[in-house]
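Breakdown of the fold
Okay, here's what each chain looks like letter by letter:
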Amino acid sequence: LYPDPDFDLNKFNECVAERRAVLDHQNKDIAEALDLLREYWSLCHQTVTDERRALAFARAAAAVKCLPFKVTNPRQLKGIKDLGDGHALRVATQIVESGHSQEVEEKRNDKKFLSFQIFCKVFGVGPSIAKKWYAMGLRTAEDVKKRFDQLDVSKDNMISYGMAFYDDLNRPLQLVEAENTYKHITALAQRILPSVVTSMIGGFRRGKSSGHDLDVLFSYPEREHNEHGLIAAVREELDKKGLVVWSRYSRADGPRGVEIDSSPLPAGSAKDHLLVIMIILKYPLDGHFDQLERRDFSTEKNLGLFQLADSARPWRAIRVDLVGSTTAQYPYAQIGWTGNKQYNRCLRQYAKDAFNYSLSSTGLYDKRQHRWLPAQTERDVFDHLKLSYREPWERNF
Ligand code: DGT
Ligand code: MG
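Source: prediction; values computed, not measured.

Protein-derived ligands of the magnesium ion (ligand 2) are Asp213 (OD) and Asp215 (OD), with the metal-ligand distances lying across 2.0 to 2.2 Å. Relative accessible area serves as the criterion here: at 8%, aspartate 215 is assigned to the buried category.

On inspection of all chains with the given rule, the structure shows three cavities of 30 Å³ or more. At the level of elements, α17 (330-338), α18 (341-355) and β8 (357-360) are the ones that each hand at least two residues to the lining of the second largest cavity. In terms of residue class, the lining of the second largest cavity is made up of four nonpolar, four polar and one charged.

Taken domain by domain, the protein holds domain 1 (9-107), domain 2 (111-164), domain 3 (173-326) and domain 4 (332-394). Here the C-alpha centre of domain 2 lies 30 Å away from the C-alpha centre of domain 1. Across the contact, nine residues belong to domain 1 and seven residues belong to domain 2. For the pair domain 1 and domain 2, the summed buried area comes to about 690 Å², and 68% of that belongs to carbon and sulfur atoms. On the domain 1 side of the contact with domain 2, Leu43, Cys44 and Gln46 bury the most area, a combined 63% of that side's loss.

Quick look at the site of ligand 1 now. Residues in close proximity to ligand 1 total 16 residues, the closest being Gly203, Lys208, His212, Asp213 and Asp253. Interatomic distance of 2.7 Å between a backbone N/O atom of glycine 203 and an oxygen atom of ligand 1. The contact in question runs from an oxygen atom of ligand 1 to an N or O atom on the side chain of arginine 206, over 2.8 Å. Burial of ligand 1 by the protein amounts to 70% of the accessible area it has alone, namely 610 Å². Looking at the shell around ligand 1, the elements with two or more residues in it are α12 (202-205), α17 and α18. Tallied by class, the residues present in the shell around ligand 1 amount to two nonpolar, eight polar and six charged. Of the domains in this structure, domain 3 (173-326) and domain 4 (332-394) are the two that each give at least three residues to the shell around ligand 1.

What counts and what doesn't
Residues numbered from 1 in each chain as written. Chains lettered and ligands numbered in written order. Predicted model: local features only at pLDDT ≥ 70, side-chain atom pairs only at ≥ 80, totals over all residues. Heavy atoms only, no water. Donors = N, O, S within 2.8 Å, 3.2 Å for Na, K, Ca; no water. Buried < 20%, exposed > 50% of the residue type's maximum accessible area, 1.4 Å probe, protein only. 1 Å grid on protein atoms, 1.4 Å probe; cavity = no way out; pocket = protein on both sides within 12 Å on 5 of 7 lines; lining within 4 Å. Points joined across faces, edges and corners; volume = space filled by probe spheres on them. Helix = DSSP H or I, 4+ residues; strand = E, 2+ residues; numbered from the N terminus. Nonpolar A, V, L, I, M, F, W, Y, C, P; charged D, E, K, R; others polar. Domains from an automatic or database assignment. Contact = heavy atoms within 4.5 Å. Buried area = accessible area lost by both parts, 1.4 Å probe. Near = heavy atom within 4 Å. Polar contact = N/O pair within 3.5 Å; in protein donor to acceptor, adjacent residues only side chain to side chain. Areas by Shrake-Rupley, 256 points an atom, 1.4 Å probe, with all protein chains shown as cover.

This is how it looks when you write it as structure tokens:
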């Protein structure tokens, strides 16, 4: 039945967290169809059932990305855990049989879905705001721009910046641009704390050649830098050079994610959350940060936000996340922020089901023994979970 003689369905189904998915997997058509339905239900959901549907399609898409062979016969899809025997299997079967699914094409061209996609591409906007805008009769980014002052989000400066730099922020960030920016930021950080450890995480670490943002993880000994010292200092340096367009502090993976826009930042233990600084940064169009740094940005200050976005300028706006972690959190933060999101969901569920552990980007907590499990490297984390190590590029669920 399977072109790969080593493929063992029972083994494939036994432990989802043991699967591997590379970017260049063999079932792109099926995965694309299932991912579209995932996106449809996660953007346009009305009920909890719709949200569950989105998660089911995410799991189904991940399953086909992990298959080590190209599916050529619908029977090869039968019995795959996470593909189930209902909706997702039906769609996957249609794609294998005819390369086409009526339902997927209808959803792809659904007017409401297309508007929701446009709205959710505004930095800071999610499905609930998209829903409100749609109900107000807005359909396109132009509509939003025209009526922006009347919208109740016009005072939210994340969304204002998201709207003003809509085009820039939706132009994919290329690997070379990400690397260039990463090097610049790392050099700044090393000047502040020579022993700092940084890594480029997110999609680029998983092997993507473009992405929607640059994610940079910092690690520093807790005693040398409190929870926010280092990345706040890096942000300050970037700001002094006139490179920061907008930024906001937030926490991830704490008891609950909170935004902490106001300074000074509240003091607290760094153990149960990561500090994140979301930034919109100027990226020099010629790739040379140093030349941009020497420029006088004072004229920009006199332009309104939308005027600035429309003006000719020697830079483009890009999204950067600076993520701070202590040395003890670092391997967990690496895994959590390398992703992808579905891989994280899967690992976290597995940790809970198999060991009653709670896994997050800050650590692994044994809820029976009431203790955190220490790790020096990502491999240690996989060892704790009794899983084979997976390289970042095998985590593209
Ligand atoms: P991209 O940027 O579109 O190329 O794709 P990614 O995979 O880099 O996605 P991104 O940048 O949204 O997030 C990178 C990983 O970091 C993702 O797998 C999940 C994780 N992550 C992002 N934001 C948060 C957050 O607020 N909290 C937690 N715990 N994890 C996050
Ligand atoms: Mg990213």
